[in-house]
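Structural overview
Chain by chain, the residues:
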Amino acid sequence: MDLNHAAAVLTDPPPINKSRIGIYSSLLPYSPPGAGFSSGLYLTIPRKRPGILDDVRSSGWLDAMRSSSPPRKKLTKDFNIEVASDDTDVAYRSWMLKYPSALSSFDHITNYAKGKRIALFLDYDGTLSPIVDDPDRAFMSNAMRSAVRNVAKCFPTAIISGRSRDKVFEFVGLTELYYAGSHGMDIMGPVGHSVSDDTPNCIRSTDKQGKEVNLFQPASEFLPMIDEVFRSLVENTKGIKGAKVENNKFCVSVHYRNVDEKSWTTIAKCVHNILKGYPRLRLTHGRKVSYRLSLENDDISVLEVRPVINWDKGKAVEFLLESLGLSNCDDVLPIYVGDDRTDEDAFKVLRKGNRGYGILVSSVPKESSAFYSLRDPSEVMEFLKSLVRQKNLSSL
Ligand SMILES: O=P(O)(O)OC[C@H]1O[C@H](O[C@H]2O[C@H](CO)[C@@H](O)[C@H](O)[C@H]2O)[C@H](O)[C@@H](O)[C@@H]1O
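In short, a report on the structure. The structure presented is a predicted model; accordingly, all values stated were derived computationally and were not measured.

So, how was this worked out
Residues numbered from 1 in each chain as written. Predicted model: local features only at pLDDT ≥ 70, side-chain atom pairs only at ≥ 80, totals over all residues. Heavy atoms only, no water. Core = buried A, V, L, I, M, F, W, Y, C linked by side-chain atoms within 4.5 Å. Buried < 20%, exposed > 50% of the residue type's maximum accessible area, 1.4 Å probe, protein only. Domains from an automatic or database assignment. Contact = heavy atoms within 4.5 Å. Pairing = 2+ DSSP bridges. Helix = DSSP H or I, 4+ residues; strand = E, 2+ residues; numbered from the N terminus. Axes fitted to C-alpha atoms, helices over the stretch in contact; angles between N-to-C directions. Arc of directions from axis to C-beta.

**Some words on the nonpolar core**
In terms of nonpolar packing, the biggest core is built from 53 residues, with F121, L233 and V305 touching the most fellow members. The residue makeup of this core includes at least three contributed by each of domain 1 (87-185 + 313-394) and domain 2 (222-307). The contact partners of L233, leaving out residues within four places of it in the chain, are V245, V252, V254, V271, I274 and V305. Core analysis: the next-biggest nonpolar cluster, separate from the first, contains 43 residues, I109, F169, V337 and L387 among them.

Shown next, in the form of structure tokens:
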């Protein structure tokens, strides 16, 4: 990666070819012959809808809010619930033909990793901690913390979150890893490799333990603007019951999970009106549109305001690999685990360069650029523990 391009560029990244053609067969997860995802099995997963909410000026934002949120009323008749959950199982199992479980494919992953150095990238919300109603209470369990600590002792590990870097560090509380907040727009990484003093927006700093680090903030010029928008959003949404605005330093989240659906138009219009005055900010939707068959959807229900710069979690992965001295090496296997639409940028980077494995955490079928899947944070924990066990057997 040319780090001189790491400076804020006011363009969106070019579209990335999602085709699977041309990918090393050894890197591909095992899929039985003819295992393509069939539309005949009760389920069609919509392709990613182009542009919905990528641009606040586009229409359809309300539809996207609806389509990515759970049904508010659950089916009450036992019979209906049974049918629905059977369908859900069938749909999930057929989806897993395309995105096999990283646990059942663990041998394939570790065989491919032999002789390579694994670098691990982890999302936070929905990956290390379960999705909960109150964003301030998205705590990770002690068991998960210990699994993350152990894995970080074995492999270079970074957490890449949409949260502010300070907030995610507060939740995780481990000094053994690297942290990137604000969807990768705030990276604290190691010094000593090819990321140099003249990399734009990168400064030498110290972490909480006084260790020398590189602090890379490609959107630093947006800080005053983000603060202003945050205050404005708080002020203007305070009359909407259940709305919550979260300052993630270089981006802002507007949560509507606890807002009555009748007020979604109000909240979306409010965000839209405020952003009219900020053409250098854009609005994205915090999750990928998913197929809703499940009664319990793993929705995210958040609108995210962020600078219009060519920087995302995928770029953050490349930056960290470079900082760790692990980029352009054939003997490195990056693995990225995440559940959110914003994690797709990282999955694409790993897939595009045939570089590593994306693992999507989802309990419902979703179209993704990941190779593998895990159902929920408890499976993520199991996967991390398995990596440690394998490393201790000296076979990684
Ligand atoms: O990149 P991530 O670490 O996955 O962060 C993405 C967003 O996560 C948080 O919101 C989500 O989790 C909350 C707690 O479970 C939940 O209440 C909310 O509905 C979800 O959208 C975080 O609060 C956001 O700021 C992050 O952008």
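Following the structure, the description resumes.
**A few points about the sheet that holds strand β10 (residues 302-307)**
Pairing within the open sheet is antiparallel, and its four strands lie in the order β7-β8-β10-β9. Since the sheet does not close on itself, it has two edges, and those belong to β7 (244-247) and β9 (281-285), each with one partner. Pairs of neighbouring strands in the sheet enclose a mean axial angle of 20 degrees, with direction left out of account. Across four bridges, the pairing between β7 and strand β8 (residues 252-255) is antiparallel. Residue pairing across strands places E246 opposite S253, the latter belonging to β8. Packed onto the sheet, helix α6 (residues 223-237) meets β7, β8, β9 and β10 and runs at close to 165 degrees relative to β7.

**Details of the sheet that holds strand β2 (residues 157-160)**
The mixed open sheet is built from nine strands, whose spatial order is β5-β6-β4-β3-β2-β1-β11-β12-β13. The two strands at the open ends of the sheet, each matched to only one other strand, are β5 (202-206) and β13 (372-374). Taking each pair of neighbouring strands and ignoring which way they run, the sheet shows an average axis angle of 25 degrees. Across three bridges, the pairing between strand β3 (residues 178-181) and strand β4 (residues 186-190) is antiparallel. The residue of β4 that forms the bridge with A180 is I187. Packing against the sheet, helix α5 (residues 165-172) makes contact with β2, β3, β4 and β6 (212-216), and its axis sits at approximately 135 degrees to β3.

**A closer look at helix α3 (residues 106-113)**
Within α3 the residues assigned to the buried category are F106, I109, T110, Y112 and A113. Buried positions in α3, seen along its axis, are confined to an arc of 160 degrees and lie on one side of it. Packed against the buried residues of α3 are β1 (117-122), β11 (332-338), β12 (357-361), β13 and α10 (377-392). Of the residues flanking the end of α3, it is G115, one or two places downstream, whose phi is positive at about 80 degrees.

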